Amino acid sequence: MLQEFMIRDIARIMNGRIRGNDRELARGVSYNSSCTKPGDIFFALRGTRTDGHAYVAAAAGAGAVASVVTRACGTATEIEVKDTLYGLGEFAKFYRRRFDPRTIAIAGTNGKTTVKNLIGNMLRKKYSVCCTKGNLNSLIGAPLTVLGLEPHHEYFVVEIGTNHPGEIGRLSDIVKPDLGVITNISCGHLEGFGSLEAIRNEDLALVNSLPGNGRAFLGEGVGEVAFPNTTYITMNEIKDLRIDETGTSFNFAGEKYATRLLGFSNAVNCLVALQVARHLAVDYHCRQAALDHTQPEPGRLEPLYHKELLIINDCYNANPVSMRAAFDLISHFNRHRVAVIGDMRELGESQIDYHREIGEYARSHCDTLLTTGALAAHYRGRHFKDRRALVNFLVGHLAGDEVVLIKASRALEFEKIIDEILRRI
């Protein structure tokens, strides 16, 4: 956060009640007491496992000038509000109004972070850009990204995500986009929404938030919308696609592009970013240079080599569409193809059916299918009771020149499988 804010002004923005010194100046924001710096205002947020109110004293000890709380915690200066998460959003919403960057918000089921990176890298060739770091796209992460805006920023590229109804609308209200991107819509987070139509309606809140002179860029699965200024992005715009271990190349609109990102799904991510950049008059050389510069995000179709062995680290998350994309990728490689896959979470009542369908797809796209996890037995591969048993088997049967796909939902922590394989081979 660039400017200093007086505590009394922050309280007013959040409709909060102050106990303590209302004339203190805040110079930053934190919600993790271990990362709190002198001059920060600390937001006591409730999570699924922890409650930030338990760390208010620690934050004050680290130099926080005040804490935003829902109940008194006994430190020198506190702002009491009804909901600390909502308060953080209100503060970010107020802060956003102080600046006027052209803002691009990116939603969708798959590819948000990669598309955000691509668009940001294309724009950085000519402009000053504030961009979401990593995948801070939640009701916590997106407001924190807003608070990184500075007066010199000409573009603001922000990722917004959801797993419960109402979040995209709330985040759109905070970030105030001029352009909205929905990468695609598929059956991710069904547990929180119940149906694909509900997911679609959630993401369309981004389009509904756009100003009359804004523009929407809509990928596969979104369907037609009433918003007049809309660019529909379809896969058949990609021509002469070539995929191998070193990257992906294709033609689009008569122009040749190449990227180190792997697979057809990443070609589509590039296509989405290219459409946005062309609309913003970013020239071809800047667009291609950005594709050259953009590296795979850790855990997202990330190639890892150990001598002749190739591991595809795709364990950041998993749903049926991203599973198919990963298997499509390794089917292009002229190697023995081993897949190590686990549960796909948050798929609701049809979760077993989805696992059975992906298992059938997997068996037709790989040579060896190894599975572990509570739902993973439904893939009908060689199933193991835990990660340790699976790794013991895999390490004992590797020739050293295979491609090994590692993929599961984030909660299964399959990155630990990668660490163990690399430690033991």
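Quick caveat: nothing in here was measured; it's all calculated off a predicted structure.

J.: I'd like to hear about the pattern of salt bridges, residue by residue, with values.
T.: Applying the stated criterion to the full structure yields 23 salt bridges. Two residues, Arg71 and Asp51, come together in a salt bridge whose shortest N-O distance is 3.7 Å. Separated by 20 residues along the polypeptide, Arg71 in the loop between strand 6 (66-69) and strand 7 (78-80) and Asp51 in the loop between strand 5 (40-43) and helix 2 (56-61) bring together distant segments of the chain. Classification of Arg71 as partly exposed rests on a relative accessible area of 39%. The salt bridge partner of Asp343 is Arg345, with a shortest N-O separation of 3.5 Å. Taking the relative accessible area as the measure of exposure, Arg345 reaches 38% and is therefore partly exposed.

J.: Mind laying out the nonpolar core, listing which residues take part and the relevant values?
T.: Formed by 76 residues in total, the largest nonpolar core has its most connected members in Ile10, Ile41, Phe43, Ile79, Ile160, Ile312 and Phe327. Each residue touching Ile41, except ones within four places of it in the same chain, is listed here: Ile7, Ile10, Ala26, Gly28, Val29, Ser30, Ala66, Val68 and Ile79. Counting residues in hydrophobic clusters, the runner-up holds 34 residues, among them Ile233, Leu261, Cys270 and Val282.

J.: Quick rundown of the pairing of strand 11 (residues 179-184)? Include the residues and the values.
T.: Within a regular beta strand, the side chains point alternately toward one face of the sheet and then the other, so they alternate between its two faces. Most of strand 11 sits inside the fold, with 6 of its 6 residues counted as buried. Two elements, strand 11 and strand 12 (residues 215-220), share 5 bridges in a ladder whose sense is parallel. Residue pairing for strand 12: Leu179 is matched across the bridge by Arg215.

J.: Go over the packing of aromatic side chains with me, naming the residues and quoting the values.
T.: Applying the stated criterion to the full structure yields 8 aromatic pairs. Pairwise contacts between aromatic rings join Phe5, Phe91, Phe94, Tyr95 and Phe99 into one cluster. Its guanidinium or amino end placed over the ring of Tyr316, Arg300 lies 3.9 Å from that ring's centre, counting from NZ or CZ. Here the basic side chain of Arg324 rests over the ring of Tyr361, its NZ or CZ set 5.5 Å away from the ring centre.

J.: Any details on the sheet that holds strand 18 (residues 309-313)? Residues and values, ideally.
T.: In space, the 6 strands of this open sheet follow the order 17-18-22-19-20-21, with mixed pairing throughout. This sheet does not close on itself; its edge strands, each paired only once, are strand 17 (302-306) and strand 21 (382-384). Across the sheet, the mean angle from the axis of one strand to that of its neighbour is 20°, orientation sign disregarded. Pairing analysis gives 4 bridges linking strand 19 (residues 337-341) to strand 20 (residues 368-372), with the strands arranged parallel.

J.: Which residues make up the packing of helix 6 (residues 167-175) against helix 8 (residues 196-208), and what are the values?
T.: Geometrically, a packed helix pair is captured by the angle between its two axes and the distance between the axes. Close contact between helix 6 and helix 8 brings their axes to 7 Å; oriented N to C, the two are set at 15°. Of the possible angle classes, the one that applies to helix 6 and helix 8 is roughly parallel. Considering how the two elements wind past one another, helix 6 and helix 8 form a crossing that is right-handed. Across the interface between the two elements, Glu167, Ile168, Gly169 and Ser172 of helix 6 pack against Glu202, Asp203, Ala205 and Leu206 of helix 8. The residue makeup of the contact of helix 6 with helix 8, split by class, is 3 nonpolar, 2 polar and 3 charged.

J.: Break down the sheet that holds strand 6 for me, citing the residues and quoting the values.
T.: Strands sit in the order 2-7-6-5-4 across an open sheet of 5 strands; the sheet is mixed. Where the open sheet ends on each side, the last strands, each with one partner, are strand 2 (17-19) and strand 4 (28-30). Each strand of the sheet is rotated relative to its neighbour by a mean of 25°, with strand direction disregarded. Relative to strand 7, strand 2 runs antiparallel, the two sharing 3 bridges. Across the sheet, the residue bridging to Arg19 is Glu78, located in strand 7. In this fold helix 3 (residues 84-96) packs onto strand 4, strand 5 and strand 6, with an angle of close to 140° to the strand it touches most, strand 5.

Parameters and conventions
- Residues numbered from 1 in each chain as written.
- Predicted model: local features only at pLDDT ≥ 70, side-chain atom pairs only at ≥ 80, totals over all residues.
- Heavy atoms only, no water.
- Salt bridge = Lys/Arg side-chain N within 4 Å of Asp/Glu carboxyl O.
- Helix = DSSP H or I, 4+ residues; strand = E, 2+ residues; numbered from the N terminus.
- Buried < 20%, exposed > 50% of the residue type's maximum accessible area, 1.4 Å probe, protein only.
- Core = buried A, V, L, I, M, F, W, Y, C linked by side-chain atoms within 4.5 Å.
- Contact = heavy atoms within 4.5 Å.
- Pairing = 2+ DSSP bridges.
- Phe/Tyr/Trp six-rings, centres within 6.5 Å; stacked < 30°, edge-to-face > 60°.
- Lys NZ or Arg CZ within 6 Å of the ring centre and 35° of its normal.
- Axes fitted to C-alpha atoms, helices over the stretch in contact; angles between N-to-C directions.
- Parallel < 35°, antiparallel > 145°, perpendicular 65-115°, else oblique.
- Left-handed = near helix turned anticlockwise from the far one by under 90°.
- Nonpolar A, V, L, I, M, F, W, Y, C, P; charged D, E, K, R; others polar.

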